[in-house]
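Read off the chains here:
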Amino acid sequence: MRTSPIPTPRPTASPVIRAVATLLVCLGAPYRPGHAVDANRAANSVILTAIEAENLGIESIEVDFEMFESTVFAVGQLEEQPAARSVLSSRVAGRAIEVHAFVGDGVKQGDTLVVLESLQPGDPPPRIPLKAASSGTVVASHVLLGQPIEPSSELLHIADHSRLRAVATVAQHVVGSLSAGSIAHLRIPSAPGHNPTARIIRFDPQADPSNGTMRAIFEISNAQGDLVPGMRAEFSLVTAQRDHVMAVPLECIQGTQSAPLVFVRDFELPNVFVRAPVVLGERNATHVEIIKGLFPGDEVITTGSYGLNHAGSASAMSLKDVLDAAHGHEHNEDGSEITAEQKAAGESKTTAANGEPHPASESARSVSGWLPYYAAASTIALLVALQVLWSKTRGSAPPASG
């Protein structure tokens, strides 16, 4: 049987030596601080005390991608529904001997509002109750106690204002991007808190050629009864929608027109707010698109952003002070971690200023003089001993048989 020659082993370092060498390399690697701070962080941070933040009423929102609406602004007014009004009248002549409803009173269908004494003979003359034909509010009165009444007389006007029309005057070139069912967000200045969303039910059948507009008609609820016809209404007509857009409320935007910015809560430090330059896109009535400068999850300041833009340096605290308090150890003025070399240099300056050598520094300097030589000699001796031991172990191994 032919046997294959045993290959001569290639000299290699033992696993022990490789492990020791790796450990020495790792121990000899320079220290890198684990907590790095952006160089611009201190310059772009506004630091407030807790009282200053409370006085500014700081509020924020967490931004994310969402639906964005393209809108067109229009103005208009509230109007009464065409079929919302009824009239109280009498079928016979007489005079009013009782009046139970006046302008502003709410009435229900079937309530007796006026009692009429008929001109027909009788002792006493016949009394006829005049009842409300529908529920609503008395908006006009033409009857007084003892007043003569004729069948043609309109005594009271009753209007149901539980639902109203909202009519927007829209430029004709905008009408092409709208249709029945299009959405609008309303704002009624004389009734704060009323910001209903409504849909177009129809357009007026005729345009106004004098100013190139058309009337878009909406219907809104008025269950509380605090809206009345004639109130001014402002409309944000939605002409298009885009998904996956990051946007913030308009009040977030500060800075200048050429260099807009927003304020973002610092990710770890309380009452620290960072200026974030942004690139803006499309605006609508309430929000503006952010093309660049923010990330999902950023907490952008809404209420109080104007105050932050003019906060200046009223606070005596610095980013260093806040980081020191948050982390429990000292930092550099720019907020970065202090390295071992910087700490040693600081201790040396302190002892030099006092005119006395620092014992720890003197000891460190004396050790640093001979420690590298001792480490090098010990490492070489250890490597040689381990290599010899590894070679003997390899040499005593029995030869492989064919």
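Residues numbered from 1 in each chain as written. Predicted model: local features only at pLDDT ≥ 70, side-chain atom pairs only at ≥ 80, totals over all residues. Heavy atoms only, no water.

**Regarding the pattern of salt bridges**
- Within this structure, the stated rule accounts for twelve salt bridges.
- Across the pair arginine 215 and glutamate 79 runs a salt bridge whose closest N-O atoms are separated by 3.2 Å. With arginine 215 in strand 15 (residues 213-221) and glutamate 79 in strand 3 (residues 65-80), this residue pair connects regions lying 136 residues apart in the sequence.
- A salt bridge links glutamate 299 to arginine 265, with the shortest nitrogen-to-oxygen separation between them at 3.5 Å. You can see glutamate 299 sitting in strand 22 (residues 299-301) and its partner arginine 265 sitting in strand 18 (residues 260-265), a full 34 residues away along the chain.
- Judged by relative accessible area, glutamate 299 falls into the partly exposed class, the value being 34%.
- One salt-bridge network, in which partners are shared between bridges, spans Glu79, Arg202, Asp204 and Arg215. (Salt bridge = Lys/Arg side-chain N within 4 Å of Asp/Glu carboxyl O. Helix = DSSP H or I, 4+ residues; strand = E, 2+ residues; numbered from the N terminus. Buried < 20%, exposed > 50% of the residue type's maximum accessible area, 1.4 Å probe, protein only.)

**Some remarks on the sheet that holds strand 7 (residues 112-118)**
- Reading across from one edge, 8-7-5-10 is the order of the four strands in this open sheet, with antiparallel pairing throughout. This sheet does not close on itself; its edge strands, each paired only once, are strand 8 (127-131) and strand 10 (148-149).
- In this structure, strand 5 (residues 94-99) lies alongside strand 7, joined through five bridges in antiparallel fashion. Looking at strand 7, one finds that alanine 96 is bridged to leucine 116. (Pairing = 2+ DSSP bridges.)

**Section: unusual backbone geometry**
- The residue after aspartate 123, namely proline 124, is reached through a cis peptide bond having omega 0 degrees.
- The topology assignment puts proline 124 in the loop between strand 7 and strand 8.
- Although it is not a glycine, histidine 244 sits at a positive phi angle of roughly 60 degrees.
- Looking at where histidine 244 falls in the secondary structure, it is placed in strand 16 (residues 232-249).
- You will see that asparagine 271, though not glycine, has its phi angle at about 60 degrees, which is positive.
- Note that asparagine 271 resides in the loop between strand 18 and strand 19 (272-277).

**Some thoughts on the environment of serine 305**
- Counting through the fold element by element, serine 305 comes out in helix 4 (residues 305-309).
- You can call serine 305 buried: its relative accessible area is 2%.
- With 51 residues separating them along the chain, serine 305 and glutamine 254 place their C-alpha atoms 7.2 Å apart.
- Looking at serine 305, its side chain comes within polar contact range of the main-chain oxygen of threonine 302, at 3.1 Å. (Polar contact = N/O pair within 3.5 Å; in protein donor to acceptor, adjacent residues only side chain to side chain.)

**Side note on the confidence of the model for the protein**
- Across the protein, the average pLDDT comes to 81, with 71% of residues at 70 or higher.
- When the criterion is pLDDT under 50, residues 1-37 qualifies, and its contacts beyond four places in sequence or with other chains add up to 26 contacts. (pLDDT = per-residue confidence, 0-100. Contact = heavy atoms within 4.5 Å.)

**Observations regarding the side chain of histidine 161**
- Within the secondary structure layout, histidine 161 lies in the loop between strand 11 (156-159) and strand 12 (163-171).
- In this structure histidine 161 comes out as buried when scored by relative accessible area, which is 16%.
- In this structure the side chain of histidine 161 is engaged in a polar contact, spanning 2.9 Å, whose partner is the side chain of glutamate 80.
- Each residue touching histidine 161, except ones within four places of it in the same chain, is listed here: Glu80, Val139, Asn222 and Pro229.

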